[in-house]
Amino acid sequence: MIVAPLIAALWTASAGAVTLPDFSQALLQVRQTVLETRQAQVQQKAADLSGEIRSLAWDIDRERTKVSQFRWRIQDVARRARQSQNGQDSFLRGEVQRLTWDLQESARQLDWGLRDLRNISRQALKDPALVAPARQLDAAVQWLQSDANWIEMEARNAGWDLRRAGLSMEAWDVERSGSDITRAARDLQYESRQLLLKVQ
């Protein structure tokens, strides 16, 4: 008899101490959690894009080094073509074919870089964290464009010497490959400028 009222009194006291959560407070906490998660995702995406842009800038700079070396190789082929007009250079055709293959491979690498850059641009948004990497990429592409212009000019000049040496098809291949590199560099320059404008 004494125990039952005591239990009832304790139950009432403990029930009164339990407070139900405020719905508006819980909703605010959920919203805060969602915002923090979204902000973390945005920051992670920016960090990933920043790394991709820098990596692409290094790739372009590495390819630019190869492109700059083509100038001397093209000049050497042109010199040998001029000399072969007085006596056939039996190794010239093979050298021109190797040069053409290397020029075409470089143009393909630049086209792949262009594809990657366009993919990055589709994902990029205005973000101060992306400005420095985008500028690094733009600078690398500018240097590439400068070297590519020289390559196209040298290839065109070499074409005349190769034709006079009886290598008309090879001359056309060298000229076309030089133009492909210049076209890829020009497209990269346009896209890198667009990316820089987008993130600033």
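Look above for the structure.
Residues numbered from 1 in each chain as written. Predicted model: local features only at pLDDT ≥ 70, side-chain atom pairs only at ≥ 80, totals over all residues. Heavy atoms only, no water.

**Let's talk about the packing of helix α3 (residues 92–123) against helix α5 (residues 168–199)**
When two helices pack together, their arrangement is captured by the angle between the axes and the distance separating the axes.
Thought 1: Look at α3 against α5: their axes get within 9 Å of each other, and the N-to-C directions meet at 20°. The orientation of α3 with respect to α5, classified from their angle, is roughly parallel. In the packing of α3 onto α5, the handedness of the crossing is left-handed. (Axes fitted to C-alpha atoms, helices over the stretch in contact; angles between N-to-C directions. Helix = DSSP H or I, 4+ residues; strand = E, 2+ residues; numbered from the N terminus. Parallel < 35°, antiparallel > 145°, perpendicular 65-115°, else oblique. Left-handed = near helix turned anticlockwise from the far one by under 90°.)

**Notes on the pattern of salt bridges**
Thought 1: One pass over the structure, following the stated rule, counts 19 salt bridges.
Thought 2: Between Asp102 and Arg73 there is a salt bridge, with the nearest N and O atoms lying 2.8 Å from each other. Highlighted residues: Asp102 in helix α3 and Arg73 in helix α2 (residues 23–84), separated in sequence by 29 residues.
Thought 3: For Arg73, a relative accessible area of 27% corresponds to the partly exposed category.
Thought 4: Between Asp173 and Arg176 there is a salt bridge whose closest N-O contact spans 4.0 Å. Residue Asp173 and its partner Arg176 are both found in helix α5; the two are separated by three residues, about one turn of the helix.
Thought 5: Shared partners join several salt bridges into a network, and the residues in it are Asp61, Arg64 and Asp147. (Salt bridge = Lys/Arg side-chain N within 4 Å of Asp/Glu carboxyl O. Buried < 20%, exposed > 50% of the residue type's maximum accessible area, 1.4 Å probe, protein only.)

**Here's the deal with the packing of aromatic side chains**
The description of an aromatic ring pair rests on the distance of the ring centres and on the angle between the ring planes.
Thought 1: Applying the stated criterion across every chain yields a total of zero aromatic pairs.
Thought 2: Looking at Arg71, its charged tip hangs above the ring of Trp150, at a distance of 3.8 Å from the centre. (Phe/Tyr/Trp six-rings, centres within 6.5 Å; stacked < 30°, edge-to-face > 60°. Lys NZ or Arg CZ within 6 Å of the ring centre and 35° of its normal.)

**A word on the environment of Gly159**
Thought 1: By secondary structure assignment, the location of Gly159 is in helix α4 (residues 128–164).
Thought 2: Residue Gly159 is classed as buried on the basis of its relative accessible area, which comes to 0%.
Thought 3: A sequence separation of 85 residues divides Gly159 from Ile74, and the C-alpha atoms of the two residues are 9.6 Å apart.
Thought 4: Those residues in contact with Gly159 that sit more than four places away from it in its chain are Ala171 and Glu175. (Contact = heavy atoms within 4.5 Å.)

**A word on the nonpolar core**
Thought 1: Ile60, Phe70, Leu137, Leu162, Ile181, Leu188 and Leu195 are the most contacted members of the largest nonpolar core, which has 44 residues in total.
Thought 2: Ranked by residue count, the leading element in this core is α4, at 12 residues. (Core = buried A, V, L, I, M, F, W, Y, C linked by side-chain atoms within 4.5 Å.)

**Some words on the side chain of Asp147**
Thought 1: Structurally, the position occupied by Asp147 is in helix α4.
Thought 2: One polar contact links Asp147 to Arg64, side chain to side chain, over a distance of 3.1 Å.
Thought 3: Residues contacting Asp147, with those up to four places away along its chain left out, are Arg64, Val67 and Ser68. (Polar contact = N/O pair within 3.5 Å; in protein donor to acceptor, adjacent residues only side chain to side chain.)

**Considerations on the environment of Ala134**
Thought 1: Its location among the elements puts Ala134 in helix α4.
Thought 2: Residue Ala134 is classed as buried on the basis of its relative accessible area, which comes to 0%.
Thought 3: For the pair Ala134 and Arg193, spaced 59 residues apart in the sequence, the C-alpha separation amounts to 8.5 Å.
Thought 4: Residues within four places of Ala134 in sequence aside, it is in contact with Ile53, Leu195, Leu196 and Val199.

**Here we look at the packing of α4 against α5**
Thought 1: Contact geometry of α4 with α5 gives a least axis separation of 8 Å together with a crossing angle of 165°. One element, α4, and the other, α5, form an angle in the roughly antiparallel class. Considering only the axes of α4 and α5, their crossing is left-handed.

**Things to note about the side chain of Asp138**
Thought 1: Tracing the backbone through its elements, the reader meets Asp138 in helix α4.
Thought 2: Classification of Asp138 by relative accessible area gives buried; the value is 6%.
Thought 3: The contact partners of Asp138, leaving out residues within four places of it in the chain, are Gln189, Ser192, Arg193 and Leu196.

**Let's talk about the environment of Leu56**
Thought 1: The topology assignment puts Leu56 in helix α2.
Thought 2: On the basis of relative accessibility, which here comes to 5%, the residue Leu56 falls in the buried class.
Thought 3: For the pair formed by Leu56 and Leu137, sequence separation is 81 residues and the distance between their alpha carbons is 7.1 Å.

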